[in-house]
Amino acid sequence: MEDTNKRYWKGIEELKNDINVVKNADKEFNFDEIEGGTYRRDFLKVLGFGMAAVSLAACDAPVRHTIPYLNKPVDVEPGIPNYYASSYVQGGDYASILVKTVEGRPIKIEGNDLSSVSKGCLSASVHGSLLSLYDNDRLRTPVKNGKEIGWDKLDKEVMAGLAAASNIRIVSNTILSPTFKKVIGDFTVKYPSAKLVQYDANSAYPLVQANEKSFGKAVIPDYKFENADVIVGINADFLGAWISPIEYNAGWVANRKVSSAKDGKKTMSRHYHYEPTMSLTGANADYRGRYKPSQEGLLVANLYNRVSEKLGQGSPLAVQKADFEFLDKCAADLVKSGARSLIVSGSGDVSTLVLVNALNALLGTVGTTIDFGNTVNYRQGNDAEMSQFIADLNSGAVDAVIFVDANPVYDHLKGAEIEKGLKKAKLTVAINDRADETASNCTYIALNTHFLENWGDACPKTGYYSLIQPTISNIFKSRQPEASFLKWSGSASSYHKYLKDNWESNILNGKSWTQTLHDGVYELGASPVAGATFIGNIQEAAAQATAPKGNGLELYVFENTTIGTGKNANNPWLQETPDPISKVTWENTAAFSLRTATELGIAQGDWVKVTAGNTSIELPVLIQPGQPDGTVAVARGYGRTKAGKAGNVGADVLPLLRSSKGAGNFWTDGIQIEKTKSGYTLAQTQTHETYMGRKAVVQETILGEYIKNVKAGRFEPMIATSEGPKRPNTISMWNGHEKKNHSWGMVIDLNTCTGCAACVVSCQAENNIPVVGKAEVARAREMHWVRIDRYYSSDAPRETGYNPNGYKAMEVASDNPEVVFQPMMCQHCSNAPCETVCPVLATTHSSEGLNQMTYNRCVGTRYCANNCPYKVRRFNWFKYFENDDFDYAFNNELGRMVINPEVTVRSRGVIEKCSMCVQRIQAGKLVAKKEKRPLKDGDIKLACGSSCPTGCITFGDMNDPESEISKLLANEREGRAFHMLEEINVQPQLSYLVKVRNKDKEDSKVLS
């Protein structure tokens, strides 16, 4: 890298050379202070068996007696997958998908490229939803008061209860299905007192209210991030959890890609982000500012005043002047970009959102980057109607309640009131797949299906429709909600027929149902972009928004990108996926800044009691760089009590907010912290792998320097020889490998990797990667083949020569560090250090550039892992399937239905790593061979790359000059492309592109 004093670190313990990190640096498989830990060299001795036994264990496979088809289904060919277009809909979350099935089993979810909404991209949660289909904690039958009941009897009793009811409420999260809403309309004809109440645990209702006050439009507009030159986010994690992150990722990244080609794009949007805890979006911003939750309205008001002053328009707001990080620069850039700006906020305060709308209107963004001509349907929850329902329920005015796949007793701020009020209703029905916190308080549980067993549809945005079709027959005696409402309405129609009739009559406009079902989407196209006139009262909004005052320590509650609001809590894939920022798995934490933790006398490894009013919860401490001082941040979605064996982890933070003045905005103040115990090890992956002091692992620059020199930020090592300095790749003891046919490679753009972990879960699903659990993760034994390294960076004044004070200064964690995400997997080195040390040739090099693993040859010496400079090899300490010590998906017959038959299920005692989806490569070759044609670029897509919502991964044949990867490298070899640890000359097949930040030189930590 260029001359810089920037230092990268994964966690404060690594930055300060904590003794536990130092002493475990050479033991990449264990932490010896964890009970049960063993040293690598003592492994065979401790287990008490020799090499031969390890070898036999690796080769052992369970015997299965199989019976061939007597009459084979017409559409099933053994070993040949089928793909079905469908849609992922969970509340207001949406993605158009393709479901891969093998012999009737869904085994993988991919993105549907035909969708203009999700654009073939997915999130970690969508990938993880596949495992929920095979959740062993799902109920098997309908239930009445905890006991099994038949559908006929349930229907008879429910219909009798509905007929006798005079006030019926249907409570659900956002319903994106137009046909389901039509079914509910028919239901209300049968039962006129019935009313649908929609709510969202991550409500956007304040935004709808603010838009009505500001523009007279009670809707959520379409935000066009792709049209913005300056983006400002205020408490809106739009890359991670806010409204429609899959769609917003694609829009955000459109203006973040640059090219080193002669006439390539050298412009980027500039992204400012302000937030009360570090989020995925904030970590990816060019400029990140912090504030305490009570200061949110004050921040927006001050930004408005600065912009209006620079524009010479609008009246200044009568608010206290306050300084926030980069606020003047942000205002100047907004004025400069004008209508090509975009300001979004996830605030729960209507007045603050009115100010944000006023700011957008002042800049002219309404009608350019904010489109009211194409509104979205993702969040339709109405908080006012939900509050009225809760009041009516507790007054005894509601006779019958039907919950549709919703759990408000757990995820609503007034959940305790709902639980109390349910005792007063005469008929309570939960359409759910388990007896969760809400369903267990209802008389009847009408067993719900999984969405992969359903027919259905969705309309995520005006004019954009998609279909849902079943990819497997119902596994249990379940029934989808639409069918239940049809039955209770007295209709004899199947929902499939009802759905088809509705589409052919009201949606398709003469188009083919069969073709639409094949494509999965039906899109009428976007209407012209439309604006709106601002009519809000700015001064009134400013007075209300700036009124809250924080008292003492403030608590902020946020939603992370995997567990979300808790709906996915019982999913082991998602629980074991490290949080992109904290890298913690299997639990939530109380996150403090280093300064605040020091003032409170607590440190990482401690547990604390967090108290608000008369309510307390206990949590482990996390020291979080970038956390505002005087605050504590806790993720919601944990603390489930009736999710299932994998999901009942962590602590539920919502009770701390239920009597809070700032509850709607998910914060409260006056928090008391009490240390309860010490010596705890978080199941946190951030410092489990080390590069042993290597430099230039991350390479980055700023846009201004990149425009001057496309190789800015590159570290180009030279080796001293008798003939003078030479590049490392020109000197080698290896003869090299011929790659006559194909040379498979990958390029990862650090500019567009957001760290979302979609690739991690996609790889886990594709390659049968086991879940090892919290205790094993704490021992640094996680099995993921892809990891996302998250680096913080800080700097200190440069010192000449050795100066202890200078080195000490570099150990101080920056209050607001910059962040870089770097996907890391096997680099498939051409000069592979692992291959030369394997005593049994279990790891070898293919003629197409792949580093291969032969599992039944591996005897578990782990020499290869010790010799790997990238620390990407995983050792199989245990047999993770059919093992009661690892009671996750692979330990029951239902869970094992998710296994991909194209990939070996590894047994105990072998090394695993990224295979670059060799099974997909072979499948692509066979298709091309069958069609008697050469492979085309794009025929083969890897699990990681196909799911990336920003397209940061490019895969292909580097021997094909017409492939996308070859063209990219042709432009970037003398630009941003670099090999990881190029100085050791292992010649990886993977290249990375230097990260470019759109920061000014004086603000950058890259250049001194």
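Owing to the predicted nature of the structure, the values given are computational and were not obtained by experimental measurement.

What follows covers the overall build of the protein chain. On a plain count of helices and strands, the protein chain comes out with 31 helices and 38 strands. The 1008 residues of the protein chain split such that 62% are buried. Here the protein chain has roughly 38,000 Å² of accessible surface; of this, 50% comes from carbon and sulfur atoms.

What follows covers the sheet that holds strand S3 (residues 93–102). Across the sheet, three strands lie side by side as S2-S3-S4; this open sheet has antiparallel pairing. Bordering the open sheet on either side are strand S2 (82–90) and strand S4 (105–111), each of which pairs with just one other strand. Mean inter-strand twist for the sheet, computed between neighbouring axes without regard to direction, equals 35°. The sheet contact formed by S3 and S4 spans six bridges and is antiparallel.

Moving on, we get to the sheet that holds strand S28 (residues 744–749). The four strands lie next to each other as S35-S28-S37-S36, forming an open sheet whose pairing is mixed. The outermost strands of the open sheet, each flanked by one partner alone, are strand S35 (953–957) and strand S36 (977–978). Across the face of the sheet, helix H31 (residues 964–972) comes into contact with S28, S35, S36 and strand S37 (990–993) while running at roughly 110° to S35.

Scanning the model with the defined rule gives 25 aromatic pairs in all. The interplanar angle of 80° and the centroid separation of 5.9 Å between the aromatic rings of phenylalanine 215 and phenylalanine 534 together place this pair among those described as edge-to-face. Remark: phenylalanine 534 occurs in the loop between strand S20 (521–523) and helix H20 (538–545) and phenylalanine 215 occurs in helix H8 (residues 205–215); sequence separation between them is 319 residues. Judged by centre distance (6.3 Å) and plane angle (20°), the rings of tyrosine 495 and tyrosine 498 are stacked. In this pair, tyrosine 495 and tyrosine 498 both sit in helix H18 (residues 495–506), three residues apart, roughly one turn of the helix. Accessibility expressed as a relative area gives 12% for tyrosine 498, which makes it buried. Members of the aromatic cluster, each reached through a chain of ring pairs, are Phe180, Phe187, Tyr191, Phe485 and Trp488. Between the NZ or CZ atom of arginine 781 and the centre of the ring of tryptophan 877, over which it lies, the distance is 4.1 Å.

Okay, the pairing of S35 next. Counting buried residues in S35 gives five out of five residues, a clear majority hidden from the surface. The pairing of S28 with S35 spans five bridges and is classified as antiparallel. Following the sheet pairing, glycine 745 is matched in S35 by glycine 956.

What follows is about the pattern of salt bridges. Per the counting criterion, the structure on display carries 53 salt bridges. With a closest N to O distance of 3.6 Å, arginine 714 and glutamate 716 form a salt bridge. Judged by relative accessible area, which is 8%, arginine 714 ranks as buried. A salt bridge links lysine 726 to glutamate 723; the nearest nitrogen and oxygen atoms lie 2.5 Å apart.

For the rest of this paragraph, the subject is the nonpolar core. Buried together is how nonpolar side chains tend to be arranged in soluble globular proteins. Counting residues in each nonpolar core, the largest one holds 148 residues, and the members touching the most others are Ile97, Leu162 and Trp488. Ranked by residues supplied to this core, first place goes to helix H24 (residues 758–766) with six residues. The next biggest cluster of nonpolar side chains, apart from the first, holds 65 residues, and it includes Ile231, Tyr291, Val319 and Ala541.

Let us look at the packing of helix H11 (residues 296–311) against helix H13 (residues 350–363). Packed helices, taken two at a time, are described by their axes: the angle between them and the distance between them. Running from N to C, H11 and H13 point in directions that differ by 20°, and their axes come no closer than 9 Å. On the basis of the axis angle, H11 is roughly parallel to H13. In this structure, the crossing between H11 and H13 has a hand that is left-handed. For the pair H11 and H13, the contacting residues are Glu296, Gly297, Val300, Ala301, Leu303, Tyr304, Val307, Ser308 and Leu311 in the first and Thr352, Leu355, Val356, Ala358, Leu359, Leu362 and Leu363 in the second. Considered class by class, the residues forming the contact of H11 with H13 number 12 nonpolar, three polar and one charged.

With respect to the secondary-structure elements, valine 996 resides in strand S38 (residues 995–997). In this structure valine 996 comes out as buried when scored by relative accessible area, which is 0%. When neighbours within four sequence positions are excluded, valine 996 is seen to be in contact with Val258, Met268, Thr701, Ile702, Leu703, Tyr706, Asn751 and Arg976.

Quick look at unusual backbone geometry now. Look at lysine 583: it is not a glycine, yet its phi comes out positive at around 65°. What makes lysine 583 buried here is its relative accessible area of 5%. With phi around 50°, glutamine 987 is a residue other than glycine that occupies positive phi space. For glutamine 987, the location among the structural elements is in the loop between S36 and S37. Among the residues examined, glutamine 987 registers a relative accessible area of 27% and is labelled partly exposed.

So, about the packing of H8 against H13. Two elements in contact, H8 and H13, have axes whose closest approach is 8 Å; the angle formed by their N-to-C orientations is 50°. Our classification of the angle between H8 and H13 gives oblique. Pair H8 / H13 crosses with right-handed handedness. Of the residues in H13, those touching H8 at Pro206, Leu207, Gln209, Ala210, Asn211, Lys213, Ser214 and Phe215 are Val350, Leu353, Val354 and Asn357. The residue makeup of the contact of H8 with H13, split by class, is seven nonpolar, four polar and one charged.

Mapped onto the elements, aspartate 749 comes out in strand S28. Residue class for aspartate 749 comes out buried when judged on its relative accessible area of 9%.

As for its position among the elements, glycine 670 is in strand S26 (residues 667–677). On the basis of relative accessibility, which here comes to 29%, the residue glycine 670 falls in the partly exposed class. Put simply, glycine 670 and leucine 555 are 115 residues apart on the chain and 8.4 Å apart in space, counted from C-alpha to C-alpha. What glycine 670 contacts, discounting residues up to four positions off in sequence, is Asn551, Leu553 and Thr611.

The first and last C-alpha atoms of helix H6 (residues 151–164) sit 20 Å apart over 14 residues, in line with the 20 Å expected at 1.5 Å per residue. For H6, the set of buried residues is Trp151, Leu154, Asp155, Glu157, Val158 and Leu162.

Now for the environment of phenylalanine 592. Checked against the element boundaries, phenylalanine 592 lands in strand S22 (residues 590–592). Overall, phenylalanine 592 belongs to the buried group, its relative accessible area being 0%. Expressed as a C-alpha distance, the spacing of phenylalanine 592 and isoleucine 623, which sit 31 residues apart in the sequence, is 5.2 Å.

Most of strand S10 (residues 230–234) is tucked away: five of the five residues are buried. Where burial is concerned, the two faces of S10 agree: the one with Val230, Val232 and Ile234 and the one with Ile231 and Gly233 are both buried. One ladder, built from five bridges, connects S10 with strand S11 (residues 270–275); its direction is parallel. The residue of S11 that forms the bridge with glycine 233 is histidine 273. For the segment spanning S10, helix H9 (residues 245–254) and S11, crossover handedness is right-handed.

What follows covers H11. Look at H11: 23 Å from first C-alpha to last across 16 residues, which is about the 22 Å you get at 1.5 Å a residue. Burial analysis of H11 places 13 of its 16 residues in the buried class, which makes it a mostly covered element. Following H11 by one or two positions, glycine 312 adopts a phi angle in the positive range, close to 70°.

We now examine the confidence of the model for the protein chain. Here the protein chain averages 88 in pLDDT, and 89% of its residues register 70 or above. Across residues 28–64, where pLDDT falls below 50, the model places 76 contacts with residues more than four positions away in sequence or in other chains. For the stretch residues 797–811, pLDDT sits under 50, and the model shows 18 contacts to residues farther than four places along the chain or on other chains.

Quick look at the state of the cysteines now. This model, assessed by the stated rule, comprises zero disulfides. As a non-bridged cysteine, cysteine 944 has cysteine 917 as the owner of its nearest cysteine sulfur, 6.1 Å distant.

Our next topic: the side chain of asparagine 568. Relative to the assigned elements, asparagine 568 resides in the loop between strand S21 (553–558) and helix H21 (572–576). Beyond its immediate stretch of four places on either side in the chain, asparagine 568 contacts Gln90, Ser125, Thr562, Ile563 and Leu574.

Procedures and definitions
Residues numbered from 1 in each chain as written. Predicted model: local features only at pLDDT ≥ 70, side-chain atom pairs only at ≥ 80, totals over all residues. Heavy atoms only, no water. Helix = DSSP H or I, 4+ residues; strand = E, 2+ residues; numbered from the N terminus. Buried < 20%, exposed > 50% of the residue type's maximum accessible area, 1.4 Å probe, protein only. Areas by Shrake-Rupley, 256 points an atom, 1.4 Å probe, with all protein chains shown as cover. Pairing = 2+ DSSP bridges. Axes fitted to C-alpha atoms, helices over the stretch in contact; angles between N-to-C directions. Contact = heavy atoms within 4.5 Å. Phe/Tyr/Trp six-rings, centres within 6.5 Å; stacked < 30°, edge-to-face > 60°. Lys NZ or Arg CZ within 6 Å of the ring centre and 35° of its normal. Salt bridge = Lys/Arg side-chain N within 4 Å of Asp/Glu carboxyl O. Core = buried A, V, L, I, M, F, W, Y, C linked by side-chain atoms within 4.5 Å. Parallel < 35°, antiparallel > 145°, perpendicular 65-115°, else oblique. Left-handed = near helix turned anticlockwise from the far one by under 90°. Nonpolar A, V, L, I, M, F, W, Y, C, P; charged D, E, K, R; others polar. Expected span 1.5 Å × (residues − 1). Right-handed = clockwise from strand over helix to strand, strands pointing away. pLDDT = per-residue confidence, 0-100. Disulfide = S-S within 2.5 Å.

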